[in-house]
Amino acid sequence: MVLFNVSRVETTPFGDQKPGTSGLRKKVKVFKQPNYLQNFVQSTFNALTPQNVRGATLVVSGDGRYFSKDAIQHEKVSFSDHLDHPIKHLSYKINLLPSYQACRQLSRVWELLSSSFLLHLPFSGRIRQLHAARIRSRSPLIVWPLLSEKYLRSLPCFLSLHSAVLLLLFVFLGGVIITKMAAGNGLRRVWVGQNGLLSTPAVSAVIRERVGVDVSNRLVFGSKATGAFILTASHNPGGPNEDFGIKYNMENGGPAPEGITDKIYENTKTIKEYLTADLPDVYPSSLPSYVDITTIGVTSFSGSEGQFDVEVFDSASDYIKLMKSIFDFESIRKLLSSPKFTFCYDALHGVAGAYAKRIFVEELGAQESSLLNCVPKEDFGGGHPDPNLTYAKELVARMGLGKSNSEVEPPEFGAAADGDADRNMVLGKRFFVTPSDSVAIIAANAVEAIPYFSAGLKGVARSMPTSAALDVVAKSLNLKFFEVPTGWKFFGNLMDAGLCSVCGEESFGTGSDHIREKDGIWAVLAWLSILAYKNRENLGGGKLVTVEDIVRNHWASYGRHYYTRYDYENVDAGAAKELMACLVKLQSSLTEVNEIVSGIQSDVSKVVHADEFEYKDPVDGSISKHQGIRYLFEDGSRLVFRLSGTGSEGATIRLYIEQYEKDPSKTGRDSQDALAPLVAVALGLSKMQEFTGRSAPTVIT
Ligand code: G6P
Ligand code: ZN
């Protein structure tokens, strides 16, 4: 077993590490600052109870975005790694770690200087080819000729400014990050999804359900995880100039509650040191003593306080097992293999791709051609991995919702996921299902169509800005109902107390109490289950009940909540605050509000109540204030204004507009037409253009 030592590294606080709605999200360049990630990780360990740190099991993985591998464990396989391959092996064997480390740093510096110089050389292309060939063959034999060539060519680069800057960067950035800090802080083991990939819902499932194995592949009972670092910025773009993020999830599989995130933030303001272990970096699997996150298996290390294991495991199998225990896979398989039913799934190059083929193709028999963008990529293929009508362009076009109406008949069902696969968008042929309707329809059909719910629903819940479609279902089915602030953690408390089975948010999140995160693939399987159930007698003969039929029938029974959301992204933060302050001030006089409203649009009903949403958690009694500004109208219409808690730059203003229509003869209108008068009122009331300088929103959903 490889030995390791723990060191205390001095550090100084950063002032900007306050976790938002879902953890800390910043540009990659911010995370790359020396000690930035380390400070946050150590501040998190310091905010937990000792039982959740010392001797504990931690999951570390994420959506695979750029910088994730560095965050999990430094992974660069460099020239110097290959050069000192035998030396490294030997020094570990005979435990000469300190002297080995010193040699290695020198060889790294050497590598950096020479390779940066190589970039400027006319023949560098050929040299890079040789270098790549050497890495592929893993052969040390061609190292020496290369070295001498590099050596000769790189002498003048000691004078190069470029190299000096890179050298400085290296000195600051070397030797990253979470796995080493876990060992340094006395954790017992770290679980990593293969290639560092785990969707956010899969992390939640893994924390709650998984049993680990030891080096001999024997189950280690009692190895249940106590928490996880999820490396994701969710639906924000990825890449060297885009976003990275990290959030901590608790023992119940859900995001850390405000009590913990506040403590983490306090710790980040006073942190003085962090603990880290000198574990070896990731290395090709040819040497068993190095951790290779591309290969499933357990690697054990020995520190002064005992053993530390890193287990790399299959990213999908625990999650698939859970899905099979919830849904009737056989009936979904019948639907997907019926020639009448066509299907399309777009992972937007996020981590959902690591699950889509296994679940939809291998388990449920969908055609491989029904998967779009299902190869996870560090930069999401340059796209914005947010499943909505603006960003899921390819799927939207394929489903016949784009501007150009292609000749090809669109599939019956389409769905997309965000970067970390907790969000979902559900589409029918030329038909968009709003997330607010989606959760209401799932709740209305769950007991009949999904075996997991056959005994009945414990209750349902939605976030405040989500439309009241779910409220109507809850009332009609006599279910417990909760309205919570934006953020999945609020549902978690209700679920832990056995008060809620199904919940959802307008922000394309839908889920249930099978885990403590929203779940993009679960939502798709829920819809496929409903379709399978409604078509159980039609697959042989008879007309297919489509997604659109299901939604329209739902409106006919429960009424329709016309709904739209306008997003103004990357607005000046000061201007956004002023706009919100103005709306709060206005609330003190409803007479004034109604004068403004009728001046803008005479045919909308009156504002009867206006407030800032405040929530008292029925389980722990905690109070969350300032959760969005509401204007409620006499006819049930609502305007809600909120600042997003998930952006990484500037401010995003969200404007939610909703109108209820009970008359079945009026539920079939185009939603933007139906809502146009209320939209005009919202823009006028908030003086949107005056404050933001924007004449149109960035995204409309
Ligand atoms: C994340 C959270 C959701 C929340 C959403 C809101 O996805 O997990 O629970 O609804 O962010 O984002 P916003 O940008 O509106 O704060
Ligand atoms: Zn997400």
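What you see is a predicted model, and the numbers here were worked out from it, not measured in a lab.

## Looking at the overall build of the chain
Here is step 1 of the chain: Across its full length, the chain carries 25 helices and 29 strands.
Here is step 2 of the chain: When burial is assessed residue by residue, the chain has 58% of its 701 residues classed as buried.
Here is step 3 of the chain: In the structure as shown, the chain presents an accessible area of about 28,300 Å², 54% of it carried by carbon and sulfur atoms.

## Overview of the sheet that holds strand β28 (residues 651-661)
Here is step 1 of the chain: Strands sit in the order β23-β26-β27-β28-β22-β29 across an open sheet of 6 strands; the sheet is antiparallel. Looking along the sheet, the strands with just one partner apiece sit at the ends: β23 (607-612) and β29 (699-700).
Here is step 2 of the chain: Of the pairings in the sheet, the one linking strand β22 (residues 560-571) to β28 comprises 10 bridges and is antiparallel in character. Across the sheet, the residue bridging to Tyr566 is Leu655, located in β28.

## Digging into empty space enclosed by the protein
Here is step 1 of the chain: Inspection of the entire model under this criterion finds 4 cavities of 30 Å³ or more.
Here is step 2 of the chain: In this model, the largest cavity occupies a volume close to 290 Å³.
Here is step 3 of the chain: Residues belonging to the lining of the largest cavity are distributed by class as follows: 3 nonpolar, 12 polar and 13 charged.
Here is step 4 of the chain: Roughly 90 Å³ of volume is contained in the second largest cavity.
Here is step 5 of the chain: Around the second largest cavity, the lining comprises 13 residues; the ones closest to its centre are Gly23, Lys247, Tyr248, Ala256 and Thr261.
Here is step 6 of the chain: Looking at the lining of the second largest cavity, the elements with two or more residues in it are β9 (243-249) and α12 (258-270).
Here is step 7 of the chain: Each residue belonging to the lining of the second largest cavity can be placed in one class, and the counts come to 6 nonpolar, 5 polar and 2 charged.

## Thoughts on the packing of aromatic side chains
Here is step 1 of the chain: Under the definition given, this model contains 21 aromatic pairs.
Here is step 2 of the chain: Taking the centre distance of 5.4 Å and the plane angle of 85 degrees together, the rings of Phe31 and Tyr36 count as edge-to-face. Each of the two residues, Phe31 as well as Tyr36, counts as buried.
Here is step 3 of the chain: For the ring pair Phe490 and Tyr615, a centre distance of 5.8 Å and an interplane angle of 90 degrees mean the geometry is edge-to-face. Linking Phe490 in helix α19 (residues 489-496) with Tyr615 in strand β24 (residues 615-616), this pair joins segments that are 125 residues apart in sequence.
Here is step 4 of the chain: In this structure Phe490 comes out as buried when scored by relative accessible area, which is 8%.
Here is step 5 of the chain: A residue is classified by how much of its surface remains accessible, and Tyr615, at 7% relative accessible area, is buried.
Here is step 6 of the chain: Within the aromatic cluster, the residues linked to one another by ring pairs are Phe14, Phe31, Tyr36, Phe67 and Phe244.
Here is step 7 of the chain: Here Arg560 stacks its cationic end above the ring of Trp555, 3.8 Å away from the centre of that ring.

## A look at helix α14 (residues 329-337)
Helical geometry note: an α-helix holds 3.6 residues per turn, so side chains three or four residues apart project in the same direction.
Here is step 1 of the chain: Among all positions of α14, only Phe329, Ile332, Leu335 and Leu336 are buried. All buried residues of α14 fall inside an arc of 120 degrees around its axis, so they share one side.
Here is step 2 of the chain: Residues of α14 that are buried in the fold lie against α13 (317-326), β13 (343-346), α15 (353-363) and α20 (520-534).
Here is step 3 of the chain: Regarding α14, its N-cap is Asp328, as a side-chain oxygen of that residue lies 3.1 Å from the backbone nitrogen of Glu330 further along.

## A look at the pattern of salt bridges
Here is step 1 of the chain: With the rule as written, the count across this model stands at 32 salt bridges.
Here is step 2 of the chain: Here Asp309 ties to Arg188 by a salt bridge, and the two come within 3.2 Å at their closest N and O atoms. One end of the pair, Asp309, is in strand β12 (residues 306-313); the other, Arg188, is in the loop between α10 (178-184) and β5 (189-193), and 121 residues separate them in sequence.
Here is step 3 of the chain: The exposure class of Asp309 is buried, given its relative accessible area of 7%.
Here is step 4 of the chain: Between Glu266 and Lys269 there is a salt bridge whose closest N-O contact spans 3.2 Å. Linking Glu266 with Lys269, this pair stays in helix α12, spanning 3 residues, or about one helical turn.
Here is step 5 of the chain: Under the relative-accessibility criterion, Glu266 is labelled partly exposed at 44%.

## A short note on the coordination of the zinc ion (ligand 2)
Here is step 1 of the chain: Taken together, the protein donors to the zinc ion (ligand 2) comprise Ser234 (OG), Asp418 (OD), Asp420 (OD) and Asp422 (OD), at separations of 2.0 to 2.1 Å.
Here is step 2 of the chain: Considering all 4 donor atoms around the zinc ion (ligand 2), the spread of angles at the metal, 87 to 164 degrees, places the coordination shape in the irregular class.
Here is step 3 of the chain: Sequence spacing of the donor residues for the zinc ion (ligand 2), all on one chain, is S-x183-D-x1-D-x1-D. An identical accessibility class is assigned to Asp418 and Asp422; each is buried.

## Thoughts on the layout of surface pockets
Here is step 1 of the chain: Space inside the second largest pocket adds up to approximately 1,200 Å³.
Here is step 2 of the chain: In this structure, the second largest pocket is lined by 37 residues; those nearest its centre are Gly20, Thr21, Leu643, Ser644 and Gly645.
Here is step 3 of the chain: Elements supplying a minimum of two residues to the lining of the second largest pocket: β3 (24-27), α12, α19, α22 (573-586), β27 (638-643) and β28.
Here is step 4 of the chain: A total of 5 residues in the lining of the second largest pocket trace back to one element, the largest contributor, which is α22.
Here is step 5 of the chain: The residue makeup of the lining of the second largest pocket, split by class, is 10 nonpolar, 16 polar and 11 charged.

## A look at the packing of helix α11 (residues 200-209) against α13
Here is step 1 of the chain: It is the contact of α11 with α13, at a shortest axis distance of 9 Å, that shows an interaxial angle of 85 degrees. Taken as axis vectors, α11 and α13 run roughly perpendicular relative to one another. In this structure, α11 uses Pro201, Ala202, Ala205, Val206 and Glu209 to contact α13, whose residues at the interface are Asp318, Tyr319 and Leu322.
Here is step 2 of the chain: Its residues assigned to classes, the contact of α11 with α13 comprises 6 nonpolar, no polar and 2 charged.

## Regarding the packing of α14 against α15
Working note: a packed helix pair is described by the angle between its axes plus the distance between those axes.
Here is step 1 of the chain: The N-to-C vectors of α14 and α15 enclose an angle of 75 degrees; their axes lie 10 Å apart at closest approach. Looking at the two axes, α14 sits roughly perpendicular to α15. Where α14 abuts α15, its residues Phe329, Arg333 and Leu336 lie against Ile359, Phe360, Glu362 and Glu363.
Here is step 2 of the chain: Each residue belonging to the contact of α14 with α15 can be placed in one class, and the counts come to 4 nonpolar, no polar and 3 charged.

## Describing unusual backbone geometry
Here is step 1 of the chain: Positive phi outside glycine occurs at Asn373, with the angle close to 50 degrees.
Here is step 2 of the chain: You can see Asn373 is positioned in the loop between β14 (371-372) and α16 (393-398).
Here is step 3 of the chain: Note on Asn373: relative accessible area 18%, which makes it buried.
Here is step 4 of the chain: The backbone phi angle of Arg430 is positive, close to 50 degrees, even though this residue is not glycine.
Here is step 5 of the chain: As for its position among the elements, Arg430 is in the loop between β16 (424-428) and β17 (431-433).

## Examining the site of ligand 1
Here is step 1 of the chain: Around ligand 1 sit 14 residues in total, of which Glu505, Lys518, Ser644, Thr646 and Arg654 are the nearest.
Here is step 2 of the chain: Side-chain polar atom of Ser22 to an oxygen atom of ligand 1: 3.3 Å apart, as the coordinates give it.
Here is step 3 of the chain: Among the detected pockets, ligand 1 sits in the largest cavity.
Here is step 4 of the chain: Counted by class, the shell around ligand 1 contains 1 nonpolar, 8 polar and 5 charged residues.
Here is step 5 of the chain: When residues are assigned to domains, the shell around ligand 1 turns out to be shared by domain 3 (318-558) and domain 4 (560-700), each giving three or more.

## As for the sheet that holds β14
Here is step 1 of the chain: One open sheet accounts for 5 strands, arranged β14-β13-β15-β16-β17; its pairing is mixed. Both edges of this open sheet fall to β14 and β17, since each of them pairs with a single strand only.
Here is step 2 of the chain: Of the pairings in the sheet, the one linking β13 to strand β15 (residues 413-417) comprises 4 bridges and is parallel in character. Of the residues in β15, the one forming a bridge with Asp346 is Ala416.
Here is step 3 of the chain: Contacts from helix α21 (residues 547-558) reach β15, β16 and β17 within the one sheet, and its direction differs from that of β17 by about 55 degrees.

Cut-off values and rules
- Numbers given for residues are sequential positions, taken from 1 along each chain in its written order.
- Labels are handed out in written order, letters beginning with A for the chains and numbers beginning with 1 for the ligands.
- Under the rules for a predicted model, residues below a pLDDT of 70 receive no local features and side-chain atom pairs below 80 are neither given nor counted, while totals for whole chains, interfaces and linings still include all residues.
- As a convention, hydrogens and water are excluded, and side-chain values are obtained from all of the structure's heavy atoms.
- The numbering of helices and of strands both runs from the N terminus, where a helix is a DSSP run of H or I of at least 4 residues and a strand a run of E of at least 2.
- Note on classification: 1.4 Å probe, protein chains only; a residue is buried when its accessible area is under 20% of the maximum for its type, exposed when over 50%, partly exposed between these limits.
- Shrake-Rupley sampling with a 1.4 Å probe provides the accessible areas, and residues are treated as covered by the protein chains on show and by no other component.
- Here, a strand pair is defined by DSSP locating no fewer than two bridges between the strands.
- Buried and open spaces are told apart on a 1 Å grid over the protein atoms alone, a cavity being a set of points where a 1.4 Å probe fits but cannot get out and a pocket being an open set with protein on both sides within 12 Å along at least five of seven lines. Residues with an atom within 4 Å of a point are the lining residues.
- Grid points are joined across faces, edges and corners, and a volume is the space filled by probe spheres set on the points.
- Under the scheme applied, nonpolar residues are Ala, Val, Leu, Ile, Met, Phe, Trp, Tyr, Cys and Pro; charged residues are Asp, Glu, Lys and Arg; polar residues are all the others, including Gly.
- Classification of ring pairs uses Phe, Tyr and Trp, with its six-membered ring standing for Trp, and accepts pairs whose centres are within 6.5 Å; under 30 degrees between planes counts as stacked, over 60 as edge-to-face, and the remaining range as tilted.
- Counted as over-ring charges are cases with an Arg CZ or a Lys NZ within 6 Å of the ring centre that also lie within 35 degrees of the ring normal.
- Starting at the helix axis, one direction is taken to each C-beta atom, and the arc is that of these directions.
- The criterion used for residue contact is that any of the two residues' heavy atoms lie within 4.5 Å.
- In protein, a polar contact requires one atom able to donate a hydrogen and another able to accept it; more generally it is a pair of N or O atoms within 3.5 Å, and residues adjacent in sequence count only if both atoms are side-chain atoms.
- The working definition used for a salt bridge is a side-chain nitrogen of Lys or Arg within 4 Å of a carboxyl oxygen of Asp or Glu.
- Sites may look incomplete because water is not among the atoms; the donors themselves are N, O and S atoms within 2.8 Å of the metal, or within 3.2 Å for Na, K and Ca.
- Sites are called tetrahedral only when four donors show all angles between 85 and 135 degrees, square planar or octahedral only when four or six donors show opposite pairs over 155 degrees and all other angles between 65 and 115, and irregular in any remaining case.
- Orientation is described by axes fitted as lines to C-alpha atoms, over the contacting stretch for helices, and by angles from 0 to 180 degrees between their N-to-C directions.
- Every angle not falling under 35 degrees, over 145, or within 65 to 115 is termed oblique; those three ranges are roughly parallel, roughly antiparallel and roughly perpendicular.
- Near residues are defined by distance, with any heavy atom within 4 Å of the molecule or strand qualifying the residue.
- Put plainly, a molecule is in a cavity or pocket when over half of its atoms are within 2 Å of the grid points there.
- Here the limits of each domain have been adopted from an automatic or database domain assignment.

That is the geometry; function is a separate question.
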